[in-house]
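# A closer look at the structure
What follows is each chain in one-letter form.
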Amino acid sequence: MAGRPVVGVCLKWVDLRPDVDRLTGAVHRDERFHGASEADQAALEWALRMAEAWDGEVVAVSAGPPAAEALLRDCLATGVHRAVRVDLAPGAPSETVASVLADVLRDAAVVCCGDWSLDRGSGAVPAFLAGELGAAQALGLVRLEVGQPGSLVVTRRLDFGRRERLGVRTPAVLSVEGASATLRRASLAAVLAARDAVVEVAGGRPAAQHRLRPVHVRPYRPRPQARPGPDPALDPRLRLLQLTGAAVERTPPRTVVTDDADEAAELLLEQLRAWGYLT
Amino acid sequence: MPEATTPTVAPSRPSLATAGRPRDAVVDAPATPDFDLVVVGAGPAGAAAALVAARAGLRVCLLERGPFPGAKNMYGGVIYARILDDLIPNWWDEAPVQRWVTRRATVVLTESQALTIDFRSSAWGEPPYNGATAFRPDFDAWLAGKAEAAGATVVTSTTATGLLRDGAGHICGVRTDRPDGDLTARLVVACDGVNSFLAKQAGLYHHEDPKHFTLGAKEVLALPRDEVEKRFVLSGREGADFEIIGGTRGIPGGGFIYTNLDSIAIGVVLGLDGLRKAKVRPEELIADLKRHPMIAPLVDGAQLQEYSAHLIPEAGLEMMPELSTDGMLVAGDAAAMCLAAGIWLEGVNFAIGSGIAAGETAVEAVRRGDVSDHGLAGYRRRLESNFVLRDHTKLRRAPSLVMSERVQQRYPQLTCDLVEALFTVTNPEPKQGAFRAARHHAKRSGVRLRDLARDGWTALRTYG
């Protein structure tokens, strides 16, 4: 591998379809539905594209139990050169996860990550990882332009729909959004070969040496939102009408069908103006 | 060309069986194909075929379009798995079963009446058991796991999109939706389920008709385990199976309720033609069922967990395709091997039975080096010598009888009215004789006695 740039990709093995008990809130997980989030899949695709452009190699790493090796085999089928599972129990703190991932990715020029995990993680691993590797960090990326080895131009999302283009020098840790790329489909031969491919296993580092230690993590609960109710002085019928929005005049939806493209475009613009999207 | 001229070969209107059929890909068949056997579909038929062939030492690939075997399944019925006795001894110790069915009820419903024939057997709650409720994602994954353990290569998230043929026109593999996705094999077993694209592409279906299919729609409702047991009078792992006649607003079909450990499956099976004409959505009919005075207390307070729907090949022998062609066998729902014969509603056992026969035939044919249609004749012989085709042949009249207008609409009303009349005490009026009451209600229901006699004779010939 010496001499060829290494592109790392970190993937979290998560339940893509957790079953939540409506009465108790208990979450039942099924390993058969575990896999990588769309953001992590996009990260893998970017890593593969970078390695192709730079004639480099891709190392995929996931921290998790042995079942996570199925995910890494899928990565190998898509073209990853080396897959490493770090043996770590689920629920480890972000700093611990980042440090064990960094042990595998010390030589990486770029590390790609998904920008958030499906299991409502804190999204802190890429930041910790950049700290561990002494690398630059760019997050919320919607586009990557891969130039000469060691150079990248990325576009990231800012608040209020703005975008920012950044020149990034390696080493860097990049967090990409799920919609930024679609993971390629592995060929059948690669899928068959990946069944017997070697997934390396590395041991995790004990958490005690880290500076941060979560004392208590509360489960995710959406915040209640205050909704103005109807005037309590009104009679029940009027309150009900206000709550349901019944008997309120509104513009009915309409469907316009026309064979004339210019006319159709004009009608669409007119409707968008009417809704206030165009000024 | 003048209008009156008839072309030598008239372009015929494509039939349902061939319309939109993709062309087969012609390839150079390698001397050593990728596998001896490619089984398409890791349902019970495919897994059983793969298990048998892998155990016999064949190189087997089991293709599954879902992320794992069973992932695409919606079946919620009873599995009669005694066919596994030889293949997996003591299968009941390890099969992922929800409940063992010890209570079997046939319910005749009208809008406000219900007549139930309720049978219980404690013997069905002990090995070797009779029927079981199970979640098919668990059951199929378990059976496919057996095939994998026996040496089959299970490839998931991969769809077979067409057949490969060699220069002589013999099927020699399948094309998948993956890049470079051609998979060559000495023999293909199509277990790709109802509406099998592979069987159609191979030209094995000749007279497909929407009337041959029903739509099964099902809700899984969550209930605490003790509540399931209390409402259905069960204990431990005992389970109940209610098959319902009527209650579908006159649409040919019926309903069902099955108990799982901490949920129940309730649903309807509807003739496609009747459903189309009635212009009603299947979930409305399930809602009707749940509101029925007999059923409402059973489902009260249950939380909807899942809704799903699926086609069922209902017409038995009448719709069965040719079962083999050069280089390919068809098994399970792909070959319409689902028994819908009124009092017997079975599918998984027929799928497993046909899968086992396909696996055995594949082993025999591959070893002999003859996978031609002639060389695969043992498949039909095996099916004819066991329950799969014998039951279908014996019960070939059942689907049309069961789905007939009289059985679906008139007899439920007649039966319920008659029973209500017999058990209603109208003193000071004296009791009406049973025969007189039967004649009266038959007339009121529009049932002629000669039709009743004819249907009775048909039923006797069918089920006798």
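Residues numbered from 1 in each chain as written. Chains lettered and ligands numbered in written order. Predicted model: local features only at pLDDT ≥ 70, side-chain atom pairs only at ≥ 80, totals over all residues. Heavy atoms only, no water.

## Quick look at the overall build of chain A
Along chain A, the regular secondary structure elements total seven helices and 13 strands. Reported as C-alpha extents along the three principal axes, the dimensions of chain A are approximately 75 × 55 × 40 Å. Looking at chain A as a whole, 36% of its 279 residues qualify as buried. In chain A, once contacts between residues fewer than 6 apart in sequence are set aside, the share between residues at least 24 apart is 66%. Carbon and sulfur atoms make up 53% of the accessible area of chain A, which totals about 17,200 Å². Once the 34 positive and 35 negative side-chain charges of chain A are each reduced to a mean point, those two points are 5 Å apart. (Helix = DSSP H or I, 4+ residues; strand = E, 2+ residues; numbered from the N terminus. Buried < 20%, exposed > 50% of the residue type's maximum accessible area, 1.4 Å probe, protein only. Contact = heavy atoms within 4.5 Å. Areas by Shrake-Rupley, 256 points an atom, 1.4 Å probe, with all protein chains shown as cover. Lys, Arg positive; Asp, Glu negative; His and termini not counted. Charge placed at Lys NZ, Arg CZ, Asp CG, Glu CD.)

## As for the overall build of chain B
Along chain B, the regular secondary structure elements total 14 helices and 20 strands. Here the C-alpha radius of gyration of chain B, 24 Å, is about what a compact globule of 464 residues would show, namely 23 Å. If one aligns the C-alpha atoms of chain B with their principal axes, the spans along those axes are about 90 × 70 × 40 Å. Out of the 464 residues belonging to chain B, those deemed buried represent 52%. (Rg over C-alpha atoms; globule rule 2.2 N^0.38 Å.)

## Some words on the interface of chain A and chain B
Contact with chain A, which involves 10 residues of that partner, is made by 22 residues of chain B. Buried surface at the junction of chain A and chain B, summed over both partners, amounts to about 1,400 Å²; 56% is from carbon and sulfur atoms. Per-residue buried area on chain A facing chain B is highest for Arg32, Arg185 and Leu188 of chain A; these three make up 49% of the total on that side. The shortest N-O distance in the salt bridge between Arg32 of chain A and Asp138 of chain B comes to 2.9 Å. Along the contact surface separating chain A from chain B lie seven residue pairs in polar contact (both at pLDDT 80 or more). Tallied by class, residues from the side of chain A that touches chain B come to five nonpolar, one polar and four charged. (Buried area = accessible area lost by both parts, 1.4 Å probe. Salt bridge = Lys/Arg side-chain N within 4 Å of Asp/Glu carboxyl O. Polar contact = N/O pair within 3.5 Å; in protein donor to acceptor, adjacent residues only side chain to side chain. Nonpolar A, V, L, I, M, F, W, Y, C, P; charged D, E, K, R; others polar.)

## Focus on the sheet that holds strand β1 (residues 6-10) of chain A
All names here are of chain A. Overall, mixed pairing links the nine strands, which are arranged β11-β10-β9-β12-β8-β1-β6-β7-β13 in an open sheet. Of all strands in the sheet, those with a lone pairing partner are β11 (163-169) and β13 (200-203), marking the two edges. Within the sheet, the average angular offset between the axes of one strand and its neighbour, ignoring direction, is 35 degrees. Two elements, strand β6 (residues 57-64) and strand β7 (residues 82-87), share six bridges in a ladder whose sense is parallel. Across the sheet, Val61 pairs through a bridge with Val84, a residue of β7. On top of the sheet, helix α1 (residues 38-54) reaches β1, β6, β8 (108-114), β9 (136-146), β10 (151-157) and β12 (172-176); it is set at about 155 degrees to β8, its chief contact. (Pairing = 2+ DSSP bridges. Axes fitted to C-alpha atoms, helices over the stretch in contact; angles between N-to-C directions.)

## With respect to unusual backbone geometry
Residue and element names in this part refer to chain B. Residue Pro127 is joined to Pro128 through a cis peptide bond whose omega torsion reads 5 degrees. Note on placement: Pro128 falls in the loop between β6 (114-120) and β7 (131-133). Here the bond from Asn427 into Pro428 is cis, since omega is 15 degrees, no more than 30 degrees from zero. Note on placement: Pro428 falls in the loop between α12 (405-423) and α13 (434-444). Phi is positive for Ala336, which is not a glycine, with a value near 60 degrees. In this structure, Ala336 sits in the loop between β18 (328-330) and β19 (339-341).

## Comments concerning the domain arrangement of chain B
Residue and element names in this part refer to chain B. Taken domain by domain, chain B holds domain 1 (25-98 + 134-209 + 316-395), domain 2 (211-313) and domain 3 (404-463). Taken together, the contact between domain 1 and domain 2 spans 19 residues of the former and 19 residues of the latter. With both sides pooled, the region where domain 1 packs onto domain 2 buries about 1,800 Å², and carbon together with sulfur makes up 62% of that total. Contact with domain 2 buries area across many residues of domain 1, yet Met74, Gln98 and Asp209 alone supply 36% of it, more than any other trio. For the pair domain 1 and domain 2, the number of links is zero salt bridges. Counting the contacts that link domain 1 with domain 2 gives six residue pairs in polar contact (both at pLDDT 80 or more). (Domains from an automatic or database assignment.)

## Considering the side chain of Arg85 of chain A
All names here are of chain A. Its place among the elements puts Arg85 in strand β7. Residue class for Arg85 comes out buried when judged on its relative accessible area of 5%. Polar contacts involving the side chain of Arg85 include one to the side chain of Asp87, which spans 2.8 Å.

## A look at the domain arrangement of chain A
When cut into domains, chain A gives domain 1 (6-209) and domain 2 (236-275). Once you take the C-alpha centre of each, domain 1 of chain A and domain 2 of chain A turn out to be 43 Å apart.

## Comments concerning a negative patch on the surface
Residues and elements named next belong to chain A. On the surface, a cluster of negative charge is contributed by Asp259, Asp260, Asp262, Glu263, Glu266 and Glu270. For Asp259, the position within the fold is in the loop between α6 (236-244) and α7 (261-275). Classification of Asp259 by relative accessible area gives exposed; the value is 85%. (Patch = residues over 30% accessible without salt bridge, like charges linked within 9 Å, V, L, I, M, F, W, Y side chains within 5 Å.)

## Here's the deal with the environment of Asp417 of chain B
One can find Asp417 of chain B in helix α12. In this structure, the C-alpha to C-alpha distance between Asp417 of chain B and Arg444 of chain B, residues 27 residues apart in sequence, is 9.6 Å.

## Side note on α6 of chain A
Little of α6 of chain A is tucked away, with zero of its nine residues classed as buried. For α6 of chain A, the side-chain oxygen to backbone nitrogen distance between the N-cap and Arg237 of chain A is 2.9 Å, and the N-cap itself is Asp235 of chain A.

## Section: the pattern of salt bridges
Residue and element names in this part refer to chain B. In the structure shown here, the tally under the stated rule is 47 salt bridges over all chains. With a shortest N-O distance of 3.5 Å, Glu227 and Lys230 are connected by a salt bridge. Note that Glu227 and Lys230 are positioned in helix α4 (residues 225-231) at a spacing of three residues, about one turn of the helix. Judged by relative accessible area, Lys230 falls into the exposed class, the value being 59%. Here Arg382 makes a salt bridge to Glu364, at a shortest N to O gap of 2.9 Å. With a gap of 18 residues between them, Arg382 in helix α9 (residues 378-385) and Glu364 in helix α8 (residues 348-368) connect regions that are remote in the sequence. Several salt bridges converge on common partners, so that one network encompasses Arg406, Arg448, Asp451, Arg454 and Asp455.

## Quick notes on the packing of aromatic side chains
All chains considered together, the criterion is met by 11 aromatic pairs over all chains. Centroid distance Phe33 of chain A to Phe68 of chain B: 5.1 Å. Interplanar angle 75 degrees. Geometry classified as edge-to-face. On the criterion of chain membership, the pair formed by Phe33 of chain A in the loop between β4 (27-28) and β5 (34-35) and Phe68 of chain B in the loop between β3 (60-63) and β4 (78-79) is interchain, its members lying in two chains. No difference in accessibility class separates Phe33 of chain A from Phe68 of chain B, as the two residues are buried. Aromatic pair Phe139 of chain B and Trp142 of chain B: ring centres 5.5 Å apart, planes at 50 degrees, arrangement tilted. Of this pair, Phe139 of chain B and Trp142 of chain B both sit in helix α2 (residues 136-149), separated by three residues, roughly a single helical turn. By relative accessible area, Phe139 of chain B is classed as buried at 1%. With relative accessibility at 13%, the residue Trp142 of chain B sits in the buried group. (Phe/Tyr/Trp six-rings, centres within 6.5 Å; stacked < 30°, edge-to-face > 60°.)

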